[in-house]
Amino acid sequence: MTPLISTRDLLVRIGGHEVCRAFTWTVQPGECWAILGRNGVGKSTLLASLAGLRPCTAGEVTVCDVNIAVSPSPTFSAALPHGSLRSLAQRRSYLAQNHSDPFPSTVMETALIGRHPHLGRWDWETGADRAIARAALAEVDLAGLAEREVHTLSGGERQRLAVAQLLTQQPQLFLLDEPLTHLDLSHQVAVMELFRRRTQGDAALVAVLHDPGFAVRYCEHALLLFGNGEWLAGPSHEIVSAENLSRLYGHPLREICSNNERWFIPC
Amino acid sequence: MPSRRHALSVLALLLALAGISFIVALAAGSIAVTFDDLLAALFGATFDHMGGNTLAVEVIRGLRLPRALGAFAVGGLLALAGALMQVLLRNPLADPYVLGISGGAAVGALLAMLSGLALFFVNLAAFAGAFAAMLTVFGLAHGDSSWTRTRLLLTGVIVAAGCGAVVALILSIAPEAQLRGMLFWLMGDAGQVSEPRPALLVLAAGLLIALPFARELNLLARGELLAQTLGVPVAGVRRGVYFLAALLTATAVTTAGSIGFIGLVVPHLTRLGLMKLGWGNDQRLLLPAAALAGGSLLVLADTLARTVAAPQQLPVGVLTALIGVPVFLFLLGREKSA
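Just so it is clear, the structure is predicted and the values come from calculations on it, not from any experiment. (Residues numbered from 1 in each chain as written. Chains lettered and ligands numbered in written order. Predicted model: local features only at pLDDT ≥ 70, side-chain atom pairs only at ≥ 80, totals over all residues.)

**Q** Would you take a moment to explain the nonpolar core for this structure?
**A** The tendency in soluble globular proteins is for nonpolar side chains to be buried side by side. Residue and element names in this part refer to chain B. One finds Val-74, Leu-77 and Leu-84 to be the most contacted residues of the largest nonpolar core, which totals 193 residues. Considering each element in turn, this core owes the most residues, 19 residues, to helix 3 (residues 54-88). Ignoring sequence-local partners within four residues, the contact set of Val-74 consists of Ala-190, Ala-199, Ala-252, Thr-255, Ala-256, Ile-259 and Leu-298. (Core = buried A, V, L, I, M, F, W, Y, C linked by C-beta atoms within 7 Å. Buried ≥ 20, exposed ≤ 12 C-beta atoms within 10 Å, placed from the backbone. Helix = DSSP H or I, 4+ residues; strand = E, 2+ residues; numbered from the N terminus. Contact = placed C-beta atoms within 7 Å.)

Rendered as structure tokens:
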């Protein structure tokens, strides 16, 4: 199987700060990865670089068979040609941390946005596209709100709508930047389980998470970013340990086992 | 989100509104016009046997029709440019003039008037001024290639303020006799339209260029990052939108001076109307709908401007604001209580 992400000797730098150095890594279909690290170590930067949304500093990245050329161009827009931008958009999705809605719009409209990469220039959304969006809204528990104005949603509902937009896009690779923000506990579990179902086939997931308990519960793999270019990647049952996490967060953590599940609490 | 069929029916309705506005514009005025005169004027030889009143036919063909066509083109241009600017700046308060294009045109036009040049050169100077302002803003905002919205907006606003100061300076040193013409130009006046065809052509071309990218614009309005994630070449589309909006605005301002209000409010009115129908904010429908609505509105406003206090002619820019402000506030108020 071709990996969905493969990097070789990647260097990602932001504002003079190294996020990861000599980063060689692959994500295979069916894998779930959690990215853990302190605030400001560059978890989002790395994720955006992998999504092809910002240029890396050096090295090679291939995402969904698209070679994201590493260019020294300092512009915000990665210098990807339109064709690869589009084929990338058909296969990988990216959940940003913030969602803004400067203009009024309905929930259904916002979910349908995810169909864009699959539509031709003159196409309009068909009944099939609407059905996909409706199913996605139902999956995140927003079925009844399809005609609601986006501005009237709560923070958690808006976050779930962003997840629904991702599902509507029907990608193979999910790149999620803090997918659980604003969600209550039951929806945190629901959203993680939903993504786990989606990645059982040939899809994969890479998510920035803040709770190591969730990371070990839902992701078999973890990537720890220590903040000085150092990183550690591997099976989460091995590398997500109280010792590594204490070093990662710069705060002592204690591991608690219950019903064969491991949770970590700050001392 | 509307289906294609819904969108076409809305546009057909707006096209009918545009037709009505033209009939009103051609029929209204100090010289009475019959239906036969209208047909004779519009369709020429075919209806000559009806023997339309020749004076009326002349007035329609020579005066009212070019003026109405010019007003329609300018209204459409401003509304389309406004809708594009609002997407580009992701700011509902943006209008075609916010980036200083009308200011540049005003400086050019007023300088030409001050030197006593003919109308053709005034128009030329206005267009040159608009173009210079557009390039200045683009060059300065694009300087270090980090083309952020805030930087663009700030540069535009500052350039507009500078132009405003120059306009005030020209007005204060201009001889008494030229002041009235200058003020009319500044307030916007469709009476100065001599040749409506270039503006109509630019409007049609602008719509044809913008419409294939309308879904990309939908995404851009929601955020650059999201648009790029979903495969929109953001930098190129933004540059295209900027230059298209600037060209539309420059054409409108050159044709009839800086008519206010249409560019800001018509896109909002259209958006409000479409939202009420449950069809949301889809640029594929919004752009042509705003162009049609803006054109019709300006034709009606201009007709009112030349008839309401006849023989005195009012500058249409004043009227668009006087009618539009209460209508808009009313709609906005109802929106809140709903």
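**Q** I keep staring at the sheet that holds strand 7 (residues 173-177) of chain A and nothing clicks. Help me out?
**A** Note: strands within a sheet are paired through backbone hydrogen bonds, in either parallel or antiparallel orientation. Residues and elements named next belong to chain A. The six strands lie next to each other as 6-7-8-3-9-10, forming an open sheet whose pairing is mixed. Single-partner strands in this sheet number two, and they are strand 6 (92-95) and strand 10 (231-235). Each strand axis lies, on average, 15° off the axis of its neighbour in the sheet, ignoring direction. Of the pairings in the sheet, the one linking strand 6 to strand 7 comprises four bridges and is parallel in character. Paired with Ser-93 across the strands is Phe-174, a residue of strand 7. On the sheet, helix 5 (residues 155-169) packs against strand 6 and strand 7 and is oriented at approximately 175° with respect to strand 6. (Pairing = 2+ DSSP bridges. Axes fitted to C-alpha atoms, helices over the stretch in contact; angles between N-to-C directions.)

**Q** I'm lost on the packing of helix 4 (residues 101-114) of chain B against helix 6 (residues 149-173) of chain B in this one. Help?
**A** Helices that pack against each other are described as a pair by the angle of their axes relative to one another and the distance between those axes. Residue and element names in this part refer to chain B. Orientation of helix 4 relative to helix 6, taken along the N-to-C sense of each, is 20°, at an axis distance of 8 Å. Judged by the angle between their axes, helix 4 and helix 6 are roughly parallel. In terms of crossing hand, the pair formed by helix 4 and helix 6 is left-handed. Residues Gly-103, Gly-104, Ala-106, Val-107, Leu-110, Leu-111 and Leu-114 of helix 4 pack against Val-159, Ala-160, Cys-163, Gly-164, Val-166, Val-167 and Ile-170 of helix 6. Here the residues of the contact of helix 4 with helix 6 are counted per class, giving eleven nonpolar, three polar and no charged. (Parallel < 35°, antiparallel > 145°, perpendicular 65-115°, else oblique. Left-handed = near helix turned anticlockwise from the far one by under 90°. Nonpolar A, V, L, I, M, F, W, Y, C, P; charged D, E, K, R; others polar.)

**Q** Just checking my understanding: could you explain the confidence of the model for chain B for this structure?
**A** Any segment with low pLDDT has predicted coordinates that should not be analysed in fine detail. Residue and element names in this part refer to chain B. Here chain B averages 86 in pLDDT, while 94% of its residues score no lower than 70. Between the elements of chain B, mean pLDDT differs from a low of 75, seen in helix 14 (residues 316-337), to a high of 95, seen in helix 8 (residues 197-210). Predicted complex, confidence summary: ipTM 0.90, pTM 0.89. (pLDDT = per-residue confidence, 0-100.)

**Q** Whenever I open this one, the sheet that holds strand 5 (residues 66-68) of chain A confuses me. Can you help?
**A** All names here are of chain A. One open sheet holds the four strands; their spatial order is 2-1-4-5, and the pairing between them is antiparallel. The open sheet terminates on both sides in strands that have one partner only, identified here as strand 2 (17-27) and strand 5. In this sheet, neighbouring strand axes are inclined to one another by 25° on average, regardless of whether the strands run parallel or antiparallel. Summarising the sheet, strand 1 (residues 5-14) and strand 4 (residues 58-63) pair through five bridges and their orientation is antiparallel. Across the sheet, the residue bridging to Ser-6 is Thr-62, located in strand 4. The strands touched by helix 1 (residues 43-50) are strand 1, strand 2 and strand 4; relative to strand 1, the strand with the most contacts, the crossing angle is about 130°.

**Q** What exactly am I supposed to notice about helix 12 (residues 262-276) of chain B here?
**A** One full turn of an α-helix is made of 3.6 residues, so residues set three or four places apart face in the same direction. All names here are of chain B. An ideal rise of 1.5 Å per residue puts 21 Å on 15 residues; helix 12 measures up with 20 Å between its terminal C-alpha atoms. Burial analysis of helix 12 places eleven of its 15 residues in the buried class, the great majority of the element. Every buried residue of helix 12 is accounted for by Ile-262, Gly-263, Leu-264, Val-265, Val-266, Pro-267, His-268, Leu-269, Thr-270, Arg-271 and Leu-274. Backbone geometry just after helix 12 places Gly-278 at a positive phi near 80°. (Expected span 1.5 Å × (residues − 1).)

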